[in-house]
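What follows is the residue order along each chain.
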Amino acid sequence: AAILEFNHNGINLRLHFNFDPQTHLVTSMHCMRPRMDGSVAERAHWECYYYDYERCGGMLVPTRMECGWKLDSQKEVEIYFKGRNEQLIYLVS
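Described below are features of the structure shown in this document. Source: prediction; values computed, not measured.

**Quick word on a nonpolar patch on the surface**
Then step 1. There is a patch of nonpolar side chains on the surface, built from Met-59, Leu-88, Tyr-90 and Val-92 and spanning about 350 Å² of accessible area.
Then step 2. Tracing the backbone through its elements, the reader meets Tyr-90 in the segment after strand E6 (78–84).

Okay, here's the thing in structure tokens:
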């Protein structure tokens, strides 16, 4: 596991990453992030899962992912996004 902490626009962020023990690829990430509850933004637990890595431009990238909220009262993640990377364009500087 690894933790990445940084400040973005005056907001401190902390991301937790989990890795596959054999491939060392990221399997999941979780953090606290704003979630709208009616008209009020509350910080809530956000989880993302990454699958099916493929080589693209010399890098291994996940081609499937799903992200969602895990609220205190829930045991399962409430999926907000589920999708595939069909095309990846990146810039290296």
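Let's pick the thread back up.
**Some words on the packing of aromatic side chains**
Then step 1. For the coordinates displayed, the defined rule picks out two aromatic pairs.
Then step 2. Consider the rings of Trp-46 and Trp-69, whose centres lie 4.6 Å apart with planes at 65 degrees: the pair is edge-to-face. Of the two residues, Trp-46 sits in strand E4 (residues 40–56) while Trp-69 sits in strand E5 (residues 59–69), which places them 23 residues apart along the sequence.
Then step 3. Ring geometry for Trp-46 versus Tyr-80: centroids 5.9 Å apart, planes at 65 degrees, classification edge-to-face. With Trp-46 in strand E4 and Tyr-80 in strand E6, this pair connects stretches of sequence that are 34 residues apart.

**Some remarks on the pattern of salt bridges**
Side chains carrying opposite charge are able to pair once their charged atoms draw close together.
Then step 1. This model, assessed by the stated rule, comprises five salt bridges.
Then step 2. As a salt-bridge pair, Arg-35 and Glu-78 come within 3.7 Å of each other at their nearest N and O atoms. You can see Arg-35 sitting in strand E3 (residues 26–37) and its partner Glu-78 sitting in strand E6, a full 43 residues away along the chain.
Then step 3. In this structure, Glu-86 and Arg-84 form a salt bridge, with 3.9 Å as the shortest nitrogen-oxygen distance.
Then step 4. On the accessibility criterion, Arg-84 (47% relative accessible area) is partly exposed.

**Description of the nonpolar core**
Then step 1. Core analysis: the largest hydrophobic core is formed by 11 residues, namely Leu-15, Val-26, Met-29, Cys-31, Ala-44, Trp-46, Cys-48, Tyr-50, Met-65, Cys-67 and Trp-69.
Then step 2. Of all the secondary-structure elements, those providing two or more residues to this core are E3, E4 and E5.
Then step 3. If you tally residues by element for this core, the top one is E4, at four residues.
Then step 4. Apart from the residues lying within four places of it in its own chain, the contact partners of Trp-69 are Arg-33, Pro-34, Arg-35, Ala-44, His-45, Trp-46, Gln-74, Glu-76, Val-77, Glu-78 and Tyr-80.

**Focus on the pairing of E4**
Then step 1. Here E3 runs beside E4; their pairing, made up of 10 bridges, is antiparallel. Across the sheet, the residue bridging to Pro-34 is Arg-43, located in E4.
Then step 2. In this antiparallel pair of consecutive strands, E3 and E4, the connection spans two residues, and Gly-38 shows a positive phi of 70 degrees.
Then step 3. Note that E4 and E5 share 10 bridges and pair antiparallel. Residue pairing in the sheet places Trp-46 in a bridge with Trp-69 of E5.
Then step 4. Linking E4 back to E5 in an antiparallel pair, the connection comprises two residues, with Gly-57 at a positive phi of about 60 degrees.

Conventions used here
- Residues numbered from 1 in each chain as written.
- Predicted model: local features only at pLDDT ≥ 70, side-chain atom pairs only at ≥ 80, totals over all residues.
- Heavy atoms only, no water.
- Patch = residues over 30% accessible without salt bridge, like charges linked within 9 Å, V, L, I, M, F, W, Y side chains within 5 Å.
- Areas by Shrake-Rupley, 256 points an atom, 1.4 Å probe, with all protein chains shown as cover.
- Salt bridge = Lys/Arg side-chain N within 4 Å of Asp/Glu carboxyl O.
- Helix = DSSP H or I, 4+ residues; strand = E, 2+ residues; numbered from the N terminus.
- Phe/Tyr/Trp six-rings, centres within 6.5 Å; stacked < 30°, edge-to-face > 60°.
- Buried < 20%, exposed > 50% of the residue type's maximum accessible area, 1.4 Å probe, protein only.
- Core = buried A, V, L, I, M, F, W, Y, C linked by side-chain atoms within 4.5 Å.
- Contact = heavy atoms within 4.5 Å.
- Pairing = 2+ DSSP bridges.

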